[in-house]
Amino acid sequence: MRPDQPAADGYADRMADTPPGSPLPSPPASTAPSVGEAPRMPRRRLGWRRFLALAGVVLLIAACAVFMVFTLGQSLGAQALLIGVAAAILPVPVLVACFLWLDRYEPEPLKYLIFCFAWGAFVSTAASLTVNDFAANRFADWGLPSALTGVLVAPFIEESTKALGPILLLVFRRREWSGITDGLVYCGLSAVGFAMVENILYLGGLGYASGVDRYGPATGIQQVIAIFILRILLFGFAHPLFTSMTGFGLGIAARTADRRVRVLAPIAGLLLAMMLHGTWNLLPTLTQATGEAVIMLYGFLGLMVPVFFGTVGLAVWLRAWEGRLTERVLPDYVRAGWLSPPEVAALSSLGRRHAARSWARRVAGDAGVRAMRGYQSAATRLALLRDGTLRGLDRKAADQERTAREERELLDAISAYRSVFVGRDPQAPAGLWDGSRYHLRFPDGTQRPVDAPDEPVVPIPVVLAPAPPPVGYAPPGWPGLRPSAPWHPGHH
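Residues numbered from 1 in each chain as written. Predicted model: local features only at pLDDT ≥ 70, side-chain atom pairs only at ≥ 80, totals over all residues. Heavy atoms only, no water.

Trainee: Give a detailed account of the overall build of the protein, specifying residues and quantitative values.
Mentor: Along its length, the protein carries 16 helices and three strands. Across the 492 residues in the protein, those meeting the buried criterion constitute 48%. Contacts in the protein between residues far apart in sequence, at least 24 positions, make up 81% of those at least 6 positions apart. As displayed, the protein has an accessible area near 24000 Å², and 65% of this comes from carbon and sulfur atoms. (Helix = DSSP H or I, 4+ residues; strand = E, 2+ residues; numbered from the N terminus. Buried < 20%, exposed > 50% of the residue type's maximum accessible area, 1.4 Å probe, protein only. Contact = heavy atoms within 4.5 Å. Areas by Shrake-Rupley, 256 points an atom, 1.4 Å probe, with all protein chains shown as cover.)

As structure tokens, then:
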């Protein structure tokens, strides 16, 4: 693959056992760790302002959690609460796993995922329960049916509060957003947390507690099973589907420099989520009022099912498109000599990344596969950083300086990670990539430049043999090719 070309299809299938590329020049400040250790990315310091903000968020979530436990316990009773919790938690691991699968290219920090889930489970439910109860009482006082709460009030307050947590992340941690996929993950986890607590109310109250009051514990368990099948197995996708509309808008806003789009895209997504939620709540209301079950059937099959599968298909396509960001952006660093063409090709799909980790394990053991994972993560973050620069996301001088600093840190980390597994395959010739061609030393002692092929193939057979002793980047006396400075974001 030449520096300005993407990887051709089928490369990973044909060359799954090929090392991801020749050794590269490393920044002057980097140091090569031993094979038994892998470098770590630098961490940001926790200043007192960040500490106070973090403490405030934790206290808010904890206070809402205590409020919800007290309210549900008082309303349902201890036994119904425990049964509702046990039944409502069952689908949570499956739904969370789906969103984590969607986020495999550039996994988000665990603390932010937990924050979104906890926000939806406690803050959003506490606010929604309070507002919905108030609205239901007002409608009753005015002689209006309480079903209007689910159609007119619940969609507004529930979708707004579920989205507020991800919106706070977008405002204060915009650099952690890589695109629409992150919006779907953050909003989806918030919706899963909300649905879990809401299901406790339905399963424990409408299911077990009401059944026990009427006919006894056996009836209560039967109603729990019936509600579980109807509400979770059949309609468990509802809340994540609604809030994913907001996720699309937030993801678009995160990667655009246009201020109008930054404002309008989240608003449009939130309004669409409210409309979809309101329509969903309207279907059973109309069915009950008219006695026509076909309304619910047609609404479910004609609207919700197509929207669900359309959203899933779009999310999977966006995941693949955003995953190929490295293939579109990192050739800039290939031309600068920081990466080689096969390395970029090995980053452009999950299959190729897995093949690279397998190779690193063979030549450098567990430390090699850990370093390869860190290398892939740092390279993906570098692509996101570069893409943000090209999009003009950093308008302030301070943001531009921070981007340049992060770029240098990522380049240093990439070189350090690479040093753990590069040069340890006995079948691969020692060499360097200078940005336009390879400089290889062959086993017979000759050395010569080699142009990059059209496809990122390193035509060296790889045998499944134990890793040799560490040999470093190149044989003694090999002339190192080092750039004088890191690839500047504004340089083409």
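Let us keep going from here.
Trainee: Explain empty space enclosed by the protein to me, using residue names and the numbers behind them.
Mentor: In this structure the tally under the stated criterion is three cavities of 30 Å³ or more. Volume-wise, the largest cavity comes out at about 150 Å³. Together, 15 residues line the largest cavity, and Tyr105, Glu106, Ser178, Glu322 and Gly323 are the ones closest to its centre. Those elements that provide at least two residues to the lining of the largest cavity are helix H7 (180-214), helix H11 (293-323), helix H12 (325-329) and helix H15 (350-391). A per-class count over the lining of the largest cavity returns four nonpolar, five polar and six charged. (1 Å grid on protein atoms, 1.4 Å probe; cavity = no way out; pocket = protein on both sides within 12 Å on 5 of 7 lines; lining within 4 Å. Points joined across faces, edges and corners; volume = space filled by probe spheres on them. Nonpolar A, V, L, I, M, F, W, Y, C, P; charged D, E, K, R; others polar.)

Trainee: Can you lay out the packing of helix H10 (residues 259-290) against H11 for me, pointing to particular residues and giving the numbers?
Mentor: Between two packed helices, the angle of one axis relative to the other and the distance separating the axes together describe the packing. With their axes 8 Å apart at the nearest point, H10 and H11 run at an angle of 165 degrees to one another. It follows that H10 is roughly antiparallel to H11 by the angle criterion. Considering the relative orientation of H10 and H11, their crossing is left-handed. Contact with H10, carried on its side by Leu276, Thr279, Trp280, Leu283, Pro284, Leu286, Thr287 and Thr290, involves Ala293, Ile295, Met296, Gly299, Phe300, Leu303, Met304 and Val307 of H11 and no other residues of that element. Grouping the amino acids of the contact of H10 with H11 by side-chain chemistry returns twelve nonpolar, four polar and no charged. (Axes fitted to C-alpha atoms, helices over the stretch in contact; angles between N-to-C directions. Parallel < 35°, antiparallel > 145°, perpendicular 65-115°, else oblique. Left-handed = near helix turned anticlockwise from the far one by under 90°.)

Trainee: Can you break down the pattern of salt bridges residue by residue, with the values?
Mentor: Oppositely charged side chains may form a pair once their charged atoms are brought near each other. Within the structure shown, the criterion is met by 14 salt bridges. Note that Glu198 and Arg231 form a salt bridge whose closest N and O atoms lie 2.5 Å from each other. With Glu198 in helix H7 and Arg231 in helix H8 (residues 217-234), this residue pair connects regions lying 33 residues apart in the sequence. Arg231 gets classed as partly exposed once you look at its relative accessible area, which sits at 22%. Several salt bridges share partner residues, and in doing so they unite Arg255, Asp387 and Arg391 into one network. (Salt bridge = Lys/Arg side-chain N within 4 Å of Asp/Glu carboxyl O.)

Trainee: Got a sec to walk through the nonpolar core? Specific residues and values, please.
Mentor: Across soluble globular proteins, nonpolar side chains have a tendency to be buried as a group. Core analysis: the largest hydrophobic core is formed by 61 residues, its most contacted members being Leu169, Trp177, Tyr186, Leu203 and Trp280. Of the residues forming this core, the biggest block, 13 residues, is contributed by H7. Non-local contacts of Leu203, meaning those with residues more than four positions away in its chain, are made with Gly84, Ala87, Ala88, Tyr208, Val224, Ile227, Phe228 and Ile232. Core analysis: the next-biggest nonpolar cluster, separate from the first, contains 33 residues, Tyr333, Ala367, Leu410 and Val420 among them. (Core = buried A, V, L, I, M, F, W, Y, C linked by side-chain atoms within 4.5 Å.)

Trainee: Any details on the side chain of Glu198? Residues and values, ideally.
Mentor: A relative accessible area of 15% means that Glu198 is categorised as buried. Setting aside chain neighbours within four positions, we find Glu198 in contact with Glu158, Arg231 and His239.

Trainee: Describe in detail the packing of aromatic side chains, supporting the description with residues and values.
Mentor: Counted under the stated rule, the structure contains 13 aromatic pairs. Arranged with centres 6.4 Å apart and planes meeting at 40 degrees, the rings of Phe237 and Phe300 form a pair that is tilted. A residue pair is termed long-range when its members are at least 10 positions apart, and Phe237 in the loop between H8 and helix H9 (238-254) and Phe300 in helix H11 qualify at 63 residues. Neither residue differs from the other here; Phe237 and Phe300 are each classed as buried. (Phe/Tyr/Trp six-rings, centres within 6.5 Å; stacked < 30°, edge-to-face > 60°.)

Trainee: Let's hear about a nonpolar patch on the surface: which residues, and what values?
Mentor: Taken together, the side chains of Ile221, Ile225, Ile229, Leu230, Leu233 and Leu234 make up a nonpolar region of the molecular surface, amounting to roughly 560 Å² of accessible area. Inspection of the secondary structure assignment puts Ile225 in helix H8. (Patch = residues over 30% accessible without salt bridge, like charges linked within 9 Å, V, L, I, M, F, W, Y side chains within 5 Å.)

Trainee: Residue-level account of the confidence of the model for the protein, with values.
Mentor: When the pLDDT values of the protein are averaged, the result is 79; 79% of them are 70 or greater. Contacts for the low-pLDDT stretch residues 5-39, under 50 throughout, to residues beyond four places or in other chains number 104 contacts. Across residues 457-492 the pLDDT falls below 50, and counting only partners more than four positions away or on other chains, this stretch makes 81 contacts in the model. (pLDDT = per-residue confidence, 0-100.)

Trainee: How would you explain H9 if you had to name every residue and give the values?
Mentor: Owing to its 3.6 residues per turn, the α-helix aligns residues three or four sequence positions apart on the same side. Spanning 17 residues, H9 covers 25 Å between terminal C-alpha atoms, matching the ideal 24 Å at 1.5 Å per step. A large share of H9 lies buried, amounting to 16 of its 17 residues. (Expected span 1.5 Å × (residues − 1).)

Trainee: Run through H10, naming residues and quoting values.
Mentor: With 32 residues, H10 extends 46 Å from end C-alpha to end C-alpha; this agrees with the ideal 46 Å at 1.5 Å per step. Looking at where H10 begins, the residue whose side-chain oxygen comes 2.9 Å from the main-chain nitrogen of Arg260 is Asp258. Looking one or two places after H10, you find Gly291, whose phi comes out positive at around 75 degrees. (Polar contact = N/O pair within 3.5 Å; in protein donor to acceptor, adjacent residues only side chain to side chain.)

Trainee: A description of the environment of Ser377 should follow, citing residues and the corresponding values.
Mentor: Note on placement: Ser377 falls in helix H15. Given the relative accessible area of 38%, Ser377 is considered partly exposed. Placed 33 residues apart in sequence, Ser377 and Leu410 show a C-alpha to C-alpha distance of 9.7 Å.

Trainee: Could you give me a rundown of the environment of Ala218, with the residues and numbers involved?
Mentor: Residue position: Ala218 is located in helix H8. Taking the C-alpha atoms as reference, Ala218 lies 9.0 Å from Tyr208; in sequence the two are ten residues apart.

Trainee: Any chance you could break down the packing of helix H6 (residues 147-172) against H9 for me, citing the residues and the numbers?
Mentor: Two elements in contact, H6 and H9, have axes separated by 10 Å at closest approach and are oriented at 30 degrees. Handedness of the H6/H9 crossing: right-handed. Residues Glu158, Glu159, Lys162, Ala163, Pro166, Ile167 and Leu170 of H6 form the contact with H9, whose own contacting residues are His239, Phe242, Thr243, Thr246, Leu250, Ala253 and Ala254. Grouping the constituent residues of the contact of H6 with H9 by class yields eight nonpolar, three polar and three charged.

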